[in-house]
Amino acid sequence: MVVANQKGGVGKTTTTVNLAASLALHGARVLVIDLDPQGNASTALGIDHHASVPSIYDVLVDSRPLSEVVQPVMDVEGLFCAPATIDLAGAEIELVSLVARESRLQRAIQAYEQPLDYILIDCPPSLGLLSVNALVAGAEVLIPIQCEYYALEGLGQLLKNVDLVRGHLNPALHVSTILLTMYDGRTRLASQVAEEVRTHFGKEVLRTSIPRSVRISEAPSYGQTVITYDPGSSGALSYIEAAREIALRGVTVNYDAQHARVGHQNHQRSMSEGIQ
Ligand code: ATP
Ligand code: MG
């Protein structure tokens, strides 16, 4: 699942790590791939990502196996992270001259043999080669939309890119999920934006929206997701609910469809039993 929106600060990273933690805590095996040189997802998961740590840069540029850079996330069983270091900032340019520059991540994931139920890829706020690698590697796209004015501006460009990648490189790719983030129910603006997004996208929009929550924004400074930092907070509960919607809807991963379906069925059971 590719978490993408080229607009900055809309909640891509927050959504990636909190959905991943929610899914893992309910029994799924989940890998987060941090594809943003800022390394925010790695920070939020408490993963070491200083310059000399083996990272997704090595995978993309030096064809290092993904298994050599993946680290387990402390405190959350079944959750793993391929970290991003600052090196990744150069990858956008270094990739240009490499063979199969758009499909290097796809190849790395295909060669990764550990069993997984979900892979979530956190994209940078741009539509360059890193994001294209994510779109080529992914089965589906999740777009977080911040409930603010301008929310839909620029989205056309992302959708056009999804269409281009589908047309040329990844025929199965589609936008499966829209998640409204930083929703403030007290403002008319937030509900207007939410309504507009629901009118525009329809069934792809999750029923659950994520409220603006101080606990959500505090969690990364402790190297944690809000799911472990404050499990009873409204932010944690809404991410768990959003994850539940995704799990129950029947998401499959195209790399190992057989495994994904079996894993998913088990996981559906644990999600529906585990959350009331
Ligand atoms: P970038 O484009 O820079 O990668 P992003 O789209 O990944 O940004 P985040 O980093 O997830 O966005 O979120 C931007 C900021 O908003 C962060 O400081 C984050 O802690 C905060 N934030 C995200 N979601 C919420 C929320 N529901 N409530 C309060 N703060 C939030
Ligand atoms: Mg981010």
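Predicted model only: the values in this text are computed from it and were never measured.

### Focus: the overall build of the protein chain
Next up, step 1: In terms of helices and strands, the protein chain carries twelve helices and seven strands.
Next up, step 2: Its C-alpha atoms give the protein chain a radius of gyration of 17 Å, within 12% of the compact-globule value 19 Å for 276 residues.
Next up, step 3: In terms of overall dimensions, the protein chain has C-alpha extents of about 50 × 35 × 35 Å along its principal axes.
Next up, step 4: Put simply, the protein chain has 276 residues, and 53% of those count as buried.
Next up, step 5: Counted over contacts in the protein chain with a minimum sequence separation of 6, partners at least 24 positions apart contribute 77%.
Next up, step 6: Counting only carbon and sulfur atoms, one obtains 51% of the accessible surface of the protein chain, whose full area is about 12,100 Å².
Next up, step 7: Averaged over its 20 positive side-chain charges, the protein chain has a centre that lies 7 Å from the centre of its 29 negative ones.

### Concerning the confidence of the model for the protein chain
Next up, step 1: When pLDDT is averaged along the protein chain, the result is 91, and 90% of the positions lie at 70 or above.
Next up, step 2: This model gives residues 253–276 a pLDDT under 50, and the stretch forms 43 contacts once residues within four places in sequence are excluded.

### Here we look at the pattern of salt bridges
Next up, step 1: Scanning the model with the defined rule gives nine salt bridges in all.
Next up, step 2: E68 serves as the salt-bridge partner of R64, at 3.0 Å between the closest nitrogen and oxygen.
Next up, step 3: For R64, a relative accessible area of 32% gives the class partly exposed.
Next up, step 4: For E68, a relative accessible area of 43% corresponds to the partly exposed category.
Next up, step 5: One salt bridge connects R186 with D184, and the closest N-O pair in it is separated by 2.9 Å.
Next up, step 6: Shared partners join several salt bridges into a network, and the residues in it are R215, E218 and D230.

### Topic: the sheet that holds strand β6 (residues 140–146)
Next up, step 1: Strand order in this open sheet of seven strands is β3-β4-β2-β5-β1-β6-β7, and the pairing throughout is mixed. The open sheet is flanked by β3 (71–72) and β7 (174–181), the only strands paired with a single partner.
Next up, step 2: Sheet topology note: the strand β2 (residues 30–34)/strand β4 (residues 79–82) ladder contains four bridges and is parallel. By the bridge assignment for β4, V30 is matched with L79.

### Quick word on the site of ligand 1
Next up, step 1: Of all residues adjacent to ligand 1, which total 17 residues, the nearest are K12, T13, T14, P211 and S213.
Next up, step 2: A distance of 3.0 Å separates an oxygen atom of ligand 1 from a polar backbone atom of G11.
Next up, step 3: Between a nitrogen atom of ligand 1 and a main-chain N or O atom of P211, the distance comes to 2.9 Å.
Next up, step 4: The protein chains hide 80% of the 630 Å² of surface that ligand 1 would expose on its own.
Next up, step 5: Elements supplying a minimum of two residues to the shell around ligand 1: α1 (12–25) and α9 (214–218).
Next up, step 6: Ranked by residue count, the leading element in the shell around ligand 1 is α1, at three residues.
Next up, step 7: Considered class by class, the residues forming the shell around ligand 1 number six nonpolar, eight polar and three charged.

### Section: the nonpolar core
Next up, step 1: Membership of the largest hydrophobic core comes to 53 residues, with the highest contact counts inside it found for I33, I56, L66 and I121.
Next up, step 2: Broken down by element, the residue count for this core peaks at seven residues, all from helix α6 (residues 129–137).
Next up, step 3: Discounting residues that sit within four places of it in the chain, I33 has contacts with I56, L66, A82, L105, I109, I119, L120, I121 and D122.
Next up, step 4: With 37 residues, the next largest nonpolar core counts A28, A44, L142 and Y229 among its residues.

Cut-offs and rules
Residues numbered from 1 in each chain as written. Chains lettered and ligands numbered in written order. Predicted model: local features only at pLDDT ≥ 70, side-chain atom pairs only at ≥ 80, totals over all residues. Heavy atoms only, no water. Helix = DSSP H or I, 4+ residues; strand = E, 2+ residues; numbered from the N terminus. Rg over C-alpha atoms; globule rule 2.2 N^0.38 Å. Buried < 20%, exposed > 50% of the residue type's maximum accessible area, 1.4 Å probe, protein only. Contact = heavy atoms within 4.5 Å. Areas by Shrake-Rupley, 256 points an atom, 1.4 Å probe, with all protein chains shown as cover. Lys, Arg positive; Asp, Glu negative; His and termini not counted. Charge placed at Lys NZ, Arg CZ, Asp CG, Glu CD. pLDDT = per-residue confidence, 0-100. Salt bridge = Lys/Arg side-chain N within 4 Å of Asp/Glu carboxyl O. Pairing = 2+ DSSP bridges. Near = heavy atom within 4 Å. Polar contact = N/O pair within 3.5 Å; in protein donor to acceptor, adjacent residues only side chain to side chain. Nonpolar A, V, L, I, M, F, W, Y, C, P; charged D, E, K, R; others polar. Core = buried A, V, L, I, M, F, W, Y, C linked by side-chain atoms within 4.5 Å.

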